[in-house]
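Spelled out from the first residue to the last, the chains are:
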Amino acid sequence: MRLTQGLPKALALAALAALAALAAVAACHGSAESNEFERRYATMGTIVTVTAFTRSEKNFAAAASELERLLFNIGREWYPWADGELARINKAIARSESVQVSHRLREVLQRAAELESLTASRFNAALGELSEAWGFNEPLQTGWRPPERELIERLLENALPGAQSLRWSDDLLTAPASEIKLDLGGIAKGAILEDAARILKAYGIENAIIDIGGDLLVLGRIGDRRARIGIRRPGDSDALGWVAIASNEAVMTSGDYERFFEFEGKRFAHVLDPRTGYPAVGTSSVTVIHRDPMLADAAATALLVAGSVEFESLCAELGVEYALLVTTSGDLRLTRSMAERVNWLPN
Ligand code: ADP
Ligand code: MG
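Residues numbered from 1 in each chain as written. Chains lettered and ligands numbered in written order. Predicted model: local features only at pLDDT ≥ 70, side-chain atom pairs only at ≥ 80, totals over all residues. Heavy atoms only, no water.

*Asks:* Looking at this model, I keep getting lost on the nonpolar core. Mind explaining?
*Replies:* Buried together is how nonpolar side chains tend to be arranged in soluble globular proteins. The biggest cluster of nonpolar side chains holds 75 residues, and the ones touching the most others in it are Ile89, Leu182, Leu184, Ile187, Leu200 and Val288. Among the elements that line this core, the one with the most residues is helix H9 (residues 293-318), at 15 residues. Viewed by domain, this core spans two of them, domain 1 (4-77 + 187-344) and domain 2 (85-131 + 139-174), each represented by three or more residues. In this structure Ile89 touches Val99, Val101, Leu105, Leu173 and Leu182, once residues within four positions along its chain are discounted. Counting 19 residues, the second-largest nonpolar core is a separate cluster that includes Phe53, Ala227, Ile289 and Val326. (Core = buried A, V, L, I, M, F, W, Y, C linked by side-chain atoms within 4.5 Å. Buried < 20%, exposed > 50% of the residue type's maximum accessible area, 1.4 Å probe, protein only. Helix = DSSP H or I, 4+ residues; strand = E, 2+ residues; numbered from the N terminus. Domains from an automatic or database assignment. Contact = heavy atoms within 4.5 Å.)

*Asks:* Is there a simple way to explain unusual backbone geometry in this structure?
*Replies:* Glycine aside, negative phi is the norm for most residues, and most peptide bonds take the trans geometry. If you check the backbone angles, Asp170 has positive phi at about 50 degrees while not being a glycine. Following the sequence through the fold, Asp170 ends up in the loop between strand E4 (167-169) and strand E5 (172-174). For Glu264, which is not glycine, the phi torsion reads 45 degrees and is therefore positive.

*Asks:* Any chance you could explain the pairing of strand E10 (residues 250-255) here in plain terms?
*Replies:* Here is the key point about a regular strand: its side chains alternate between the two faces of the sheet. Among the six residues in E10, six count as buried, and that is most of the element. Alternating positions in E10 separate into two faces, Ala250, Met252 and Ser254 on one and Val251, Thr253 and Gly255 on the other, with burial throughout. Here two bridges tie strand E7 (residues 215-219) to E10, and the two strands are oriented antiparallel to one another. Looking across to E10, one finds that Leu216 is bridged to Val251. Examined bridge by bridge, E10 and strand E13 (residues 283-290) share six bridges and lie antiparallel to one another. Across the sheet, Ala250 pairs through a bridge with His290, a residue of E13. (Pairing = 2+ DSSP bridges.)

*Asks:* Looking at this structure, I do not really get helix H5 (residues 103-118). What am I missing?
*Replies:* Residues spaced three or four apart along an α-helix face the same direction, because each turn holds 3.6 residues. For H5, which comprises 16 residues, the first-to-last C-alpha distance of 23 Å matches the rise-based estimate of 22 Å (1.5 Å per residue) to within 8%. For H5, every residue scored as buried is listed here: Arg104, Leu105, Val108, Leu109, Arg111, Ala112, Ala113, Leu115 and Glu116. Looking at the buried positions of H5, the neighbouring elements they touch are helix H4 (85-94), E4, E5, helix H8 (188-202) and H9. Just downstream of H5 lies Ala120, where phi reads positive at about 50 degrees. (Expected span 1.5 Å × (residues − 1).)

*Asks:* How do you make sense of a negative patch on the surface when you look at a structure like this?
*Replies:* Side chains of Glu148, Glu150, Glu153 and Glu157 sit close together on the surface and give a patch of like negative charge. Mapped onto the elements, Glu148 comes out in the loop between helix H6 (128-134) and helix H7 (149-159). A relative accessible area of 60% places Glu148 in the exposed class. (Patch = residues over 30% accessible without salt bridge, like charges linked within 9 Å, V, L, I, M, F, W, Y side chains within 5 Å. Areas by Shrake-Rupley, 256 points an atom, 1.4 Å probe, with all protein chains shown as cover. Salt bridge = Lys/Arg side-chain N within 4 Å of Asp/Glu carboxyl O. Lys, Arg positive; Asp, Glu negative; His and termini not counted. Charge placed at Lys NZ, Arg CZ, Asp CG, Glu CD.)

Purely spatial values, then, with no claim about function.
Listed below in structure tokens is the structure:
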């Protein structure tokens, strides 16, 4: 999520939002009893939009306030370059100290570790130092150039053990090396979608779309049918197709077109390949649909790194049935089940 610098992403995924909005309009006609409510939050460097279809404005307002607390809290606590819990954890690791971790953050870190192992570390939640060396924590800098190869190699070595190497004794975390810097940017949005869905359900809201800058989760239905979500053509503002999304499914996209630097005509995007320490090459975007939002988020990131050659095998390893990959030359790879679900739009 690079919980950081996301406005470009919100714009980049406008097609998704636009199609979600179309679906939302349809909903009003579909149901005489429920009304559409929307709340937007500018947080974590992106725009979060919650659209709910419910009879109770009061419940929506209460849920929306709780969502606001969740989003602003996580934006601070889970962002490695803010002044919150993850930053404190990273500081403790740097001092070779053990550190107490809150319940939810521990769950997410342990899930990240499992996903590292399932993806043969294409997904790695400890790339903080490397991301920093590449400058992705400071997207607005000018005169950018890639870091020295020596630095990349050294930081890569530090990062390789990943979140898998963390030792836990209940909620006490110990890292094997002081150079590890945790960065949950590739999975946090999945976790937030899970939490946000729980909040909406707790207020009796059964039909909603929670959209974090284009990564989203659908609850229930939009009027009398499934939500239709557009899959954006990478680097373009239109959608290449749309998919009807079932209740509780998350749609997560990882791309090279929303957060990147350019140097000597080459693009360096914010998803790093833990095999090389350099930005992943060859893939423009990956979209994963799954009922487990954290898995979908990490899978999209890992598949972007893995690229088209490993696409099928990694989807199988992760239990991802629905995924679509667009290479930098515009070729598509889809899982068989995804191919059956996409409704293509004309070019
Ligand atoms: P987005 O933030 O655009 O939704 P991702 O879900 O792919 O995209 O997350 C990218 C973020 O994940 C990066 O900004 C960085 O914080 C982190 N990251 C970069 N490379 C990796 C990787 N190989 N594995 C896990 N996290 C990564
Ligand atoms: Mg991700």
